[in-house]
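Here's the letter readout for the chains.
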Number of protein chains: 4
Amino acid sequence: MARTIGSHGPTTMEAIRKAGLRLIFEHGYEAMSLRQLAAEVGIQPGSLYNHINTKQELLSDLIQDHINDLLRELEEALRDKQTPVERLRAFVAFHVSYHMTRKREVFIANSELRSLEPRNYEAVVALRGAYERRLADILSDGMSDGVFDVVDLQVATFAIIALLTGLCSWYRPGGRLTKEAIIAAHEKLVLSGVMPQGASPGGGHPGQGTRE
Amino acid sequence: MARTIGSHGPTTMEAIRKAGLRLIFEHGYEAMSLRQLAAEVGIQPGSLYNHINTKQELLSDLIQDHINDLLRELEEALRDKQTPVERLRAFVAFHVSYHMTRKREVFIANSELRSLEPRNYEAVVALRGAYERRLADILSDGMSDGVFDVVDLQVATFAIIALLTGLCSWYRPGGRLTKEAIIAAHEKLVLSGVMPQGASPGGGHPGQGTRE
Amino acid sequence: MARTIGSHGPTTMEAIRKAGLRLIFEHGYEAMSLRQLAAEVGIQPGSLYNHINTKQELLSDLIQDHINDLLRELEEALRDKQTPVERLRAFVAFHVSYHMTRKREVFIANSELRSLEPRNYEAVVALRGAYERRLADILSDGMSDGVFDVVDLQVATFAIIALLTGLCSWYRPGGRLTKEAIIAAHEKLVLSGVMPQGASPGGGHPGQGTRE
Amino acid sequence: MARTIGSHGPTTMEAIRKAGLRLIFEHGYEAMSLRQLAAEVGIQPGSLYNHINTKQELLSDLIQDHINDLLRELEEALRDKQTPVERLRAFVAFHVSYHMTRKREVFIANSELRSLEPRNYEAVVALRGAYERRLADILSDGMSDGVFDVVDLQVATFAIIALLTGLCSWYRPGGRLTKEAIIAAHEKLVLSGVMPQGASPGGGHPGQGTRE
DNA sequence: GATGAATGAGCGTTCATTCAT
DNA sequence: AATGAATGAACGCTCATTCAT
């Protein structure tokens, strides 16, 4: 990767990834044509193939790189957090801020999964599963400690990720809220959502007794 | 008569919608070809045009019909509910069960919005806005009553809808959980998530004071 | 309109011919679709086939009927004319006024010939040949009498017909000129054009002697 | 290398224009399919689009280039001609010989005008108007000099052009007549047609008095 | 590394025509 | 006579991809 002198190769590749990211985000993978992409980059369509192997591989690389980053950075964000509450709070903060800074990758990784060929699809889904398991483990630990209470661990995991990920379909930089405010708003919903219902008002409706 | 395959009259239109729904759900609007659709229905590609005007209009009709149903049925579900808590619980139950029975429409209405032409797009976004406002009003009322507490009304609205809608990317009929269990799991997360943090365990971390 | 008992059959057929004439004139035979035609008439495309056999036959009928009329009416116009000059003048007057009143048929019969199937094409070309021969005979008679002088009989025949027929690509009813003025303008050009060059000014360049 | 059929580079574009010209001449613009054209050129239909933007633009280019050539070459043909008679004779000779050598372009430029989109249509009609004005000016000058006499300038202009242009619907290279003979035949008709009727026989019928 | 011209498949759509009702 | 739904072929055009230069 780190080739520096002589050629603009790396620059072109970077331009392709960047433009590809934007175009897929805006129009979807199927709807983005390599002609559009080439035009955006300022080269002829055929020249793309000096940098990519196939359109499919470009998508796959974009998604896979994103998911790897996501996982690696999550690791870092959780490294020194000990209690489930601390870890959940860190998870939320990390997830939200990552989604704010890389919302295109995040969006694509969710919406264009179905355009991946089986092999690539499975690889990505496996990585996504690892990410989800991180959250599931935090929730599970909190349940054991009695600090969290969810009706179903898996549902809660999916629901919390969906809740947090929803961000990238409405967030625009420079909007009404600061990053911190947005994080705080999500922290409240998630943390509060998994807490035991204890003395909180409005609880105790009978339907809750029927859970499987 | 020879050919009764391919069916006639109103049936064909229904078959087109049904097959279209499934194919768009599975492959996306851009990736579904009218040849596929016609084959699924059992007619020639050109014959589709006895029933639809354009591919775009088929998508638009599917989405618009769904959103109208969604709004109408929500109205019904909320009709006799009085308190914000009751209403929020009803909203969650309705949303989840609607999404379980019509997850394809729901999924498409979210993921294929960008494939709508501007005119259609705006119409659908307006209807979606009306739906979101229903939830926002419930939350707002609950805040006034002191039974709910969210950091930011808009963020909470989007987040809750995202949380609930996430369901349709993992739910499969006949899975591990009953409908009631799934509803209960979501109710707990949402209701608990918007409650004032009062005496609940694990709360009271200092960061909460800094929100905008 | 004048539909009397039982069926509107004749009316519909007439409407089809009329609309067909207009549409072919405006867009050309190839560019006119039977869907357009049906819409114009106010019926469904399939219903056209209760009145016509094929699109091709509609064209052929329109052209053939026109050419037959043209020939028949020419006969009449020439009936009592004796001298070549009288007959040529009558030919011009007839041709021009026919083209003014039925310019669509005339235009189509010239421009859509190539869209006729071989069988129909040959039939029409034969009739057109008969029409041209009428003019050729007049010119030929005039040459024998010494009142006309053309360099080549066939070229003159084609050229005069082209000259006269050109009318229907610019004539619009209600224009600057009266019908009589238009006829007079063409008569002058044609009559004068075939006259021996005698004492006329500007003539007599030597090249004229060398023609085959 | 396998395929040198289908040719390369600038040659392909030339082959497309040439084949397009012939096919449009023979079947009409609407009736010519790009599949036919591609087959004629020896490439795949889609490959046409490496050379043209649209079918419409191909037509438009063919016509526009022809009309520009026509105007430019007319300019040259008239350059050193002084008197109206000389100029008219030159006009006829030029028009006829141009139409003999490029009859396909000429034919198309007349018959396929209606297939041009409004923008292109107007451009071409404007150029054609300039060409017509050349002839009108010659006639007008001749009238002032007293060497020409026409009943109506505009009618005469259109009629003469129609007369001359008619050539390209019957002319075939290698026919009965030499180029010179054909030119001479047209010169006689046109020159004689616009001459004052002076002593020529057959003149003086009463209808001539009614001109507007 | 880039270009331009090519491929072959496929796109959404329209067409003339047929025919049971 | 008219309809509505169907057929099968074809339309203009775009696509991802290849490759000699």
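Since we're looking at a predicted model, the values are computed, not measured.

A closer look at the overall build of chain A
If you tally the helices and strands in chain A, you get 8 helices and 0 strands. When contacts within chain A are restricted to residue pairs at least 6 apart in sequence, those whose partners lie at least 24 apart make up 71%. For chain A, the accessible area works out to roughly 10,100 Å², and carbon and sulfur atoms hold 50% of it.

Some remarks on the side chain of B:His186
With respect to the secondary-structure elements, B:His186 resides in helix α8 (residues 179-194). For B:His186, a relative accessible area of 1% puts it in the buried group. Filtering out sequence-adjacent residues up to four positions away, B:His186 remains in contact with A:Val155, A:Ala159, B:Val92, B:Val96, B:Leu163, B:Leu164, B:Leu167 and B:Trp170.

Some remarks on the relation of the copies chain B and chain A
At an RMSD of 0.1 Å, chain B and chain A line up after a rotation of 180° and a shift of 0.0 Å along the axis. Such a turn and shift between the copies fits a two-fold axis. Identified as the residue of chain B closest to the rotation axis by C-alpha distance is B:Gly193, at 1.7 Å.

A short note on the UniProt feature "DNA-binding region" (unreviewed entry) in chain A
UniProt feature "DNA-binding region" (unreviewed entry): in the numbering of this structure it lies at residues 33-52 of chain A. Annotated as residues 33-52 of chain A, this span is 40% helix and 0% strand, and its ends, taken at the C-alpha atoms, are 14 Å apart.

So, the interface of chain D and chain C
Buried accessible area, meaning the area lost when the parts come together, often serves as the stated size of an interface. At the interface, 50 residues of chain D touch 50 residues of chain C. Buried area between chain D and chain C, summed over both chains or domains, comes out near 4,200 Å², and the portion from carbon and sulfur atoms is 63%. The interface formed by chain D and chain C holds 4 salt bridges in total. C:Asp152 serves as the salt-bridge partner of D:Arg176, at 2.9 Å between the closest nitrogen and oxygen. At the surface where chain D touches chain C, the tally comes to 11 residue pairs in polar contact (both at pLDDT 80 or more). Breaking the side of chain D that touches chain C down by element, the ones donating at least two residues are α1 (9-27), α4 (84-101), α5 (103-111), α7 (153-165) and α8 (179-194) of chain D. Examining the composition of the side of chain D that touches chain C, we find that 10 residues originate from one element, α8(D), more than from any other. Within the side of chain D that touches chain C, the residues separate by chemical class into 23 nonpolar, 15 polar and 12 charged.

What about the nonpolar core?
By size, the foremost hydrophobic cluster in this structure holds 105 residues, and its most contacted members are A:Leu37, A:Leu88 and B:Leu88. Apart from residues no more than four positions distant in its own chain, B:Leu88 is found in contact with B:Leu135, B:Ile138, B:Leu139, B:Phe148, B:Val190, B:Leu191 and B:Val194. Judged by nonpolar contacts, the second largest core, of 81 residues, contains C:Val155, D:Ala90, D:Phe94 and D:Val106.

Some points on the relation of the copies chain D and chain C
At an RMSD of 0.2 Å, chain D and chain C line up after a rotation of 180° and a shift of 0.1 Å along the axis. Of all interface residues in chain D, 100% are interface residues in chain C too; the two copies therefore contact each other through one and the same surface.

Overview of the confidence of the model for chain A
In this model, chain A carries an average pLDDT of 90, and 89% of its residues clear a pLDDT of 70 or more. Under a pLDDT of 50 for its full length, residues 1-7 of chain A has, in the predicted model, 2 contacts with residues more than four places off or in other chains.

Considerations on the pattern of salt bridges
Within this structure, the stated rule accounts for 45 salt bridges over all chains. One salt bridge connects A:Asp69 with A:Arg72, and the closest N-O pair in it is separated by 2.7 Å. In this pair, A:Asp69 and A:Arg72 both sit in helix α3 (residues 55-78), 3 residues apart, roughly one turn of the helix. Judged by its relative accessible area of 46%, A:Arg72 is partly exposed. The residue B:Asp80 makes a salt bridge to B:Lys81 at a minimum N-O spacing of 3.0 Å. With relative accessibility at 53%, the residue B:Asp80 sits in the exposed group.

Observations regarding the environment of D:Lys55
Residue and element names in this part refer to chain D. Note that Lys 55 resides in helix α3 (residues 55-78). A relative accessible area of 19% places Lys 55 in the buried class. Setting aside residues no more than four positions away along its own chain, Lys 55 makes contact with Tyr 29, Glu 30, Met 32 and Leu 34.

Concerning the packing of aromatic side chains
Under the counting rule described, the total for this entry stands at 16 aromatic pairs over all chains. Ring centres of A:Phe158 and B:Trp170 lie 5.6 Å apart, and the angle between their planes is 40°; this geometry places the pair in the tilted category. Of this pair, A:Phe158 sits in helix α7 (residues 153-165) while B:Trp170 sits in the loop between α7 (153-165) and α8, on two different chains. Of the residues examined, A:Phe158 reaches a relative accessible area of 21% and is grouped as partly exposed. Note on B:Trp170: relative accessible area 24%, which makes it partly exposed. If you follow B:Lys55 out to its NZ or CZ, it ends over the ring of B:Tyr29, 4.5 Å from the centre.

A closer look at the interface of chain B and chain A
At the junction of the two partners, chain B supplies 50 residues and chain A supplies 50 residues. One can count 4 salt bridges joining chain B with chain A. Taken together, the connections running from chain B to chain A amount to 11 residue pairs in polar contact (both at pLDDT 80 or more). Elements supplying a minimum of two residues to the side of chain B that touches chain A: α1 (9-27), α4 (84-101), α5 (103-111), α7 and α8 of chain B.

Comments concerning the packing of helix α6 (residues 118-145) of chain B against α7(B)
Residues and elements named next belong to chain B. Contact pair α6 / α7: the axes reach a minimum separation of 9 Å and the direction vectors enclose 120°. By the angle class used here, α6 and α7 are oblique. The hand of the α6/α7 crossing is right-handed. Mapping the contact onto sequence places Tyr 131, Glu 132, Leu 135, Ala 136, Leu 139 and Ser 140 in α6 and Leu 153, Ala 156, Thr 157, Phe 158, Ile 160 and Ile 161 in α7. Residues belonging to the contact of α6 with α7 are distributed by class as follows: 9 nonpolar, 2 polar and 1 charged.

A closer look at the packing of helix α8 (residues 179-194) of chain A against α7(B)
Where α8(A) contacts α7(B), the two axes come as close as 10 Å, and the packing angle between them is 50°. The orientation of α8(A) relative to α7(B) falls into the category oblique. When the axes of α8(A) and α7(B) are compared, the crossing they make is right-handed. Residues A:Ala185, A:His186 and A:Leu189 of α8(A) lie in contact with α7(B), whose contacting residues are B:Val155, B:Ala156 and B:Ala159. When the residues that make up the contact of α8(A) with α7(B) are grouped by side-chain class, the tally is 5 nonpolar, 1 polar and no charged.

Conventions we followed
Every chain's residues receive numbers from 1 upward, in the order its sequence appears when written. Written order determines the labels here, with chains lettered from A and ligands numbered from 1. Selection of residues for local features in this predicted model requires a pLDDT of at least 70, selection of side-chain atom pairs for listing and counting requires 80 or more, and totals for whole chains, interfaces and linings are taken over all residues. Working from all heavy atoms in the structure, the side-chain values ignore hydrogens and water. Secondary structure counts use DSSP, requiring at least four H or I residues in a row for a helix and at least two E residues in a row for a strand, with both numbered from the N terminus. Residue contacts are defined here by distance: any two heavy atoms, one from each residue, within 4.5 Å place the two residues in contact. Note that accessible areas follow from Shrake-Rupley with a 1.4 Å probe, and for residues the cover is restricted to the protein chains shown. Between buried and exposed lies partly exposed: a residue is buried under 20% and exposed over 50% of the maximum accessible area for its type, with that area taken using a 1.4 Å probe on protein chains only. The copies were overlaid by least squares, fitting only the C-alpha atoms of residues that reach a pLDDT of 70 or more in each copy. UniProt positions are given in the numbering used here, feature names are shortened, and annotations may be inferred rather than shown by experiment. Note: buried area is the sum, over both parts, of the accessible area (probe 1.4 Å) each one loses when the two are combined. Basic side-chain nitrogens of Lys or Arg form a salt bridge, by our definition, when they fall within 4 Å of a carboxyl oxygen of Asp or Glu. For the purposes of these results, a polar contact is taken to be a pair of N or O atoms within 3.5 Å, where, inside protein, one atom must be able to donate a hydrogen and its partner to accept one; residues adjacent in sequence count only when each atom of the pair is a side-chain atom. Residues are grouped as follows: nonpolar covers Ala, Val, Leu, Ile, Met, Phe, Trp, Tyr, Cys and Pro; charged covers Asp, Glu, Lys and Arg; every other residue, Gly included, is treated as polar. Residues belong to one nonpolar core when they are buried, are Ala, Val, Leu, Ile, Met, Phe, Trp, Tyr or Cys, and are joined through side-chain atoms within 4.5 Å. Confidence of the predictor at the level of single residues is given by pLDDT, which spans 0 to 100. Two rings belonging to Phe, Tyr or Trp (six-membered ring only in the last case) form a pair when the distance between their centres is within 6.5 Å. Interplanar angles under 30 degrees mark stacking, angles over 60 mark edge-to-face geometry, and anything in between is tilted. Here, a charge over a ring means that NZ of Lys or CZ of Arg falls within 6 Å of the ring centre while also lying within 35 degrees of the ring normal. Interaxial angles span 0 to 180 degrees and are taken between N-to-C directions of axes, which are lines fitted to C-alpha atoms, for helices over the stretch in contact. Oblique is the label for every angle not falling under 35 degrees (roughly parallel), over 145 degrees (roughly antiparallel), or within 65 to 115 degrees (roughly perpendicular). Each crossing is labelled by how the near helix is turned from the far one, with a counterclockwise turn of less than a right angle marking it left-handed and a clockwise turn marking it right-handed.

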